Structure formats: C-alpha cells, structure tokens
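Report on the structure
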Number of protein chains: 2
Amino acid sequence: MPVDGAAAARVVLTLDGELHDPNQPLLHADDLAAVRGDGAFETLLVRKGRACVVEDHLARLANSARLLDLPAPDLGEWRAAIEMAAQEWGTAQEGVLRLVLTRGREQGGAPTAYLTVSPMSDRVDRVRREGVSAITLERGFSIDLAATAPWQLLGAKTLSYATNMAALRYAHTQGADEVIFVSAEGNVLEGPRSSVVIWLDGTFITPPAEHGILAGTTQRGLFRVARERGIECAYRPVRPADLIAAEGVWMLSSATLVARVHTLNGLALATSPVDRDLHDMVEAAVQPISAG
Amino acid sequence: MPVDGAAAARVVLTLDGELHDPNQPLLHADDLAAVRGDGAFETLLVRKGRACVVEDHLARLANSARLLDLPAPDLGEWRAAIEMAAQEWGTAQEGVLRLVLTRGREQGGAPTAYLTVSPMSDRVDRVRREGVSAITLERGFSIDLAATAPWQLLGAKTLSYATNMAALRYAHTQGADEVIFVSAEGNVLEGPRSSVVIWLDGTFITPPAEHGILAGTTQRGLFRVARERGIECAYRPVRPADLIAAEGVWMLSSATLVARVHTLNGLALATSPVDRDLHDMVEAAVQPISAG
C-alpha cells in the first residue's frame, strides 16, 4: 500500500513540546488536514541527532502558511520542537522529520501543529546509490498560472498531495520510479516530491519558481555551495529536450537528497561528469551547523 | 477561521460500527489523509434521521476509491454505518454526514474509514433562501486533461481540497460567496463544492463530467426528476457568456441542495422563471426512500 516502503513514525511531538505515543491517535476526525488536505508541511533530514537545513524549511513553512491564510507560525517554537524531536530520534540512524501545520478542526479554533520522525523508507539507500528511472507526465497547468491566479497555492507545500501520489503510482505501473512534471505548454516543472536540476553548458539549471513550482530547499543549498565554488547556476526555463541534451539530470529532495535520473521515458541517460561533485556539494549544503 | 461557519462533528463512527467521542482524537499523526490528503470523501444530507441519496454517494465513493487505487469499499458495511450514524444523529434537525475513506497509515495496512455527522453550517439557511454571489476563477487546466492524463484524479472526490478552499477564501476577499471555476480555454466547470446548472433555451444544462469535473449527485437527481416530468436536460459545454444569457444559474450540492446565483462577477442575474420548479424537483430528488 505505501507508495515507497515508508515506515511508521516513531517520534510524535506536538508543537507545545509534548511527546505522544505514535500508536495512539492524535488528530480529531474533523481536523481540516484530514478532511480537506488543508494545511502545510515540511520534510527534513535528521542526521546524527540534528535536523538539516532548518532555517530554509522554517522560512518555507512560514511562506506556505502565508499563502494559505494561516496564522504566522512562531518559528522560535518550531525551532525548539525540531531540536527536541531530532534529539528524541537520536543519533543511531538517519530519520525523516515532518512538520505538519493544519487549519485545525472544522469548527475553528487553533491550528493543529505537530512533528513526526520516521525511519528512512527502504527505497532511499537504493535511490541514492543507483538513481531512478523517471517518466514525464503532464501536470495540467500553464507556467503562467501562478501569476494569473495568485490565489492558487502553487508556491505552498500543502497537505493536498493526492495528485502527486497518484502520479507516482502511475509511474510505478509504467515500470518507472519517478515523475518529472511538465506544464501545459511543455515546460519541465518539478517532481511530485523533488526539484529537477540539470547540468547543461557548464551550468546547473533548474526551472524558476515563478513557473508555479515549489522552491526546493536542497536545490537552493546546491546552488549556494556551487556558486561559492565558482560554478554557474541559473533559474531558466527547461524543456523536455533539455533533459536529453543535458550532461546530467537529478531530482533533489530533503530526505533522499540526490536521485540521479538514469533513465528518462525509457531512454538511458549517461552518468554526468559532475555527478560526484554534485553529490559532494549537496552533502556540504545540508551539513547540520554545529550548535552555536 | 472556518471558511463558512462549520460546526463541530457531534457523531463520529468508524466503519466497524463503533461510536467515538467527537472530542477525542481518532486519527494517527501519520494517517495519509492528514499528511497527503490521500483518500476520498462524500457529503450527505441527513433529514428526519435518514441519509439522502445514499446509493449515488456510495457509487461515487466506490468510483473515487477505484481512481485512487484504494481497495473497493464494502458498500454493505458503509450502508449499515450510514444508517447507524443518521439514527444516532436523530430527527430533531438536519445534519451533514461525511464519509471518509483514507489510504490508512503511512506504513501501510488497512484503509481508515469513518463517518461524522455535524450540524448544518450557519450559512446554509441564508444561502438556500437568498442564493449566492459568485465570481469566476481560472481552475488552471484544460477540459482535455481528464482524457489526456487519466492518472490525474479529476473524477475522484479526494481529500485534497486545499485549492478548492483557497478559491473560496479568495472569493470572500472579493466580497463574493462562491466560485465558478473555468478551464484554461474558458469553459465553465463547477464550484469548489458544487455543480453548476443553468436554464437556457428551455433546457437544464450542466457541463459534461468528461471535462474533468465531479459527477454531481444533486445535479443528477435534478436531471432524473426533471426528465420524468418531461423537461429537457443536457450535458453540454458551457461558456461564461452562457451564464449571462441563461435564465437561471444554480450551484447544486448535497448539503446546501440549491444555491441560486443572484450575482455573477458583480452583475445581478434575474431570478429564473423556473427557480421554484427547480427547488421542488431537487427536493423530490433527495427524499429519503422509506425503509424497504
């Protein structure tokens, strides 16, 4: 049933700092997360008992809340809860920390806010090592929609992921691991849970967020480190033909980090000459900063 | 905070027939309904202790489950639970019965299945009496998407309603009550929680479900009764200009039943000569059938 061998949460913490038994219910039957997918989330990597790239995720959570007309999250409270959840998870293995902020119960009142930490899904080790096969799928809307319909939640990481999960299930029926969404006019957008980055003409390129895609924290980390090392990085429209012409296509995400696309629509893609460098730079980008 | 004055659920029942305290949590923190909006739902009207149009809603729930690759729901079990929930609600007032079927917890295992009954939201009485003002908003995709991307869940009533709720919030900021979505090419689609029906050239017209919209149970009930009375009903493309040319525009849904659109994009629409007839036919369509 789970699309990618996800494991049960082992740490459940509400934003008030209270730990909960993961095997006991936490949410009311009428929480708007459950009945409307109405809220925002973030997924963070936990390594050595610390969460990675915390500030970028908190900034995106705040932006999602703003787009969703939710009260601005108290980032100090979230920061403390993230630290507590990561410590509770411990240092023995990597974990996936999820931040969940919902509109609360249907009758109104306070938002629901909690954190969970789960083991890495079974697939992550293999994906990091071997990469993924991907197919392109039409997302359905134009790259202009974010500008013409700003009320749409295109820049928010909402809990309404049914279409994203359906795309992954469809890919699996086609023998592929992953999906690269393209817009109505044929522009490359993003994956259902990741950013797409290519290496073309000596430049790391990703489509601009203005095309109605989510600003990727891992992709931004890569661009930051790459630019520090003097490597060109650009936000630029990407067409499906660019994926074939590129010397490297990757899907970047917070938990998996890097998945090299080794096969696209059934066509094998050569390993990139900068694949090793990209992995190193992403690793450098997500290192937890030592406690100050 | 609630978009339309919704009230707390007073009856919470799991599909196994167990009643739960509505003020106690029911769902785990990692239920895929909450973290992915991954599941299906239905909303039924409860009148005189009975749920209305049960079989149409069960058929649509089964179709949503099929589109979502969920196990086929046991309709006999749902039927029994619906009856129990409606009886538990009682005969004193109308209620809103929600059926929720989710993919279950992230680690896999059984789907989560439950029912809630809540009081009508405060707005329903007013809307039934006075109608609504509506604005048209671009939904973002083409009427061809359902055919070209069948993996998209356009015909499923999924729990991923964040965009629908955002559209309603946006309408409220524009001083309107409701939204009529139009496709990328400018075809009328549906409301965020309702079907659109117009009266034009002596015919009730609604856009075809093949345009990527949800088959409306109340709209179908109207068409059934109207055809029995010799009135023409058609599934046909509808353009925004048709909304102005029409002698009547309504938004039909299971709980509110009929909301006459009295104002569209700021323009007052005349009351339809068949408004009273339409109300009568919808009432006839949703009468609970006596126990057999």
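Right above here is the structure, for reference.
A brief look at the structure comes next. (Residues numbered from 1 in each chain as written. Chains lettered and ligands numbered in written order. Predicted model: local features only at pLDDT ≥ 70, side-chain atom pairs only at ≥ 80, totals over all residues. Heavy atoms only, no water.)

**A look at the relation of the copies chain B and chain A**
Counted only if it meets this: To line up the copies, we fit them by least squares on C-alpha atoms, keeping just the residues with pLDDT of at least 70 in both. Note on contacts: a residue pair is in contact if any heavy atoms of the two residues lie within 4.5 Å.
Superposing chain B onto chain A takes a rotation of 180° combined with a translation of 0.0 Å along the rotation axis, leaving an RMSD of 0.0 Å. The two molecules are tied by a two-fold rotation axis, judged by turn and shift. Counting the interface residues of chain B, we find that 100% of their copies in chain A are interface residues as well, pointing to one common contact surface.

**Side note on unusual backbone geometry**
Residues and elements named next belong to chain B. For clarity, the threshold we go by: Put simply, DSSP marks the helices as runs of H or I at least four residues long and the strands as runs of E at least two long, and each gets a number from the N terminus on. The cut-offs for exposure are 20% and 50% of the maximum accessible area for each residue type, with area from a 1.4 Å probe on protein chains only; residues under the lower value are buried, those over the upper are exposed, and the others partly exposed.
Notably, Lys 48 is not glycine yet its phi reads approximately 50°, a positive angle. Looking at the secondary structure, you find Lys 48 in the loop between strand E3 (39-47) and strand E4 (50-51). The exposed category is assigned to Lys 48, whose relative accessible area is 66%. Positioned with a positive phi, Leu 257 is a non-glycine residue whose angle comes to about 75°. Note that Leu 257 resides in strand E13 (residues 257-264). For Leu 257, a relative accessible area of 2% gives the class buried.

**What to know about the packing of helix H7 (residues 217-228) of chain A against helix H9 (residues 275-286) of chain A**
All names here are of chain A. How we decide: Angles run from 0 to 180 degrees between N-to-C directions of axes, and those axes are lines fitted to C-alpha atoms, restricted for helices to the stretch in contact. Here is the rule for angles: anything less than 35 degrees is roughly parallel, anything more than 145 is roughly antiparallel, 65 through 115 is roughly perpendicular, and the remaining ranges are oblique.
Remark: H7 packs on H9, axes separated minimally by 8 Å, with the N-to-C direction vectors making an angle of 105°. Overall, the two elements H7 and H9 adopt an arrangement that is roughly perpendicular. Together, Thr 218, Gly 221, Leu 222, Arg 224, Val 225 and Ala 226 of H7 and Leu 278, Met 281, Val 282, Ala 284 and Ala 285 of H9 make up the contact between the two elements.

**Digging into the pattern of salt bridges**
Note that side chains of opposite charge can pair when their charged atoms are close. Selection rule: Counted as salt bridges are all cases of a side-chain nitrogen of Lys or Arg within 4 Å of a carboxyl oxygen of Asp or Glu.
Within the structure shown, the criterion is met by 30 salt bridges over all chains. In this structure, the salt-bridge partner of Asp 38 of chain A is Arg 169 of chain B, at a minimum N-O distance of 3.9 Å. Highlighted residues: Asp 38 of chain A in the loop between helix H1 (32-36) and strand E3 (39-47) and Arg 169 of chain B in helix H6 (residues 162-173), drawn from two different chains. Here Asp 38 of chain A and Arg 169 of chain B have matching classes, each one buried. A salt bridge links Glu 106 of chain A to Arg 98 of chain B, with the nearest nitrogen and oxygen atoms 2.8 Å apart. Here Glu 106 of chain A, found in the loop between strand E5 (95-102) and strand E6 (112-119), pairs with Arg 98 of chain B, found in strand E5 (residues 95-102), and the two come from separate chains. Judged by its relative accessible area of 10%, Glu 106 of chain A is buried. Via salt bridges that share partners, Asp 38, Asp 69 and Arg 103 of chain A together with Arg 169 of chain B belong to a single interconnected network.

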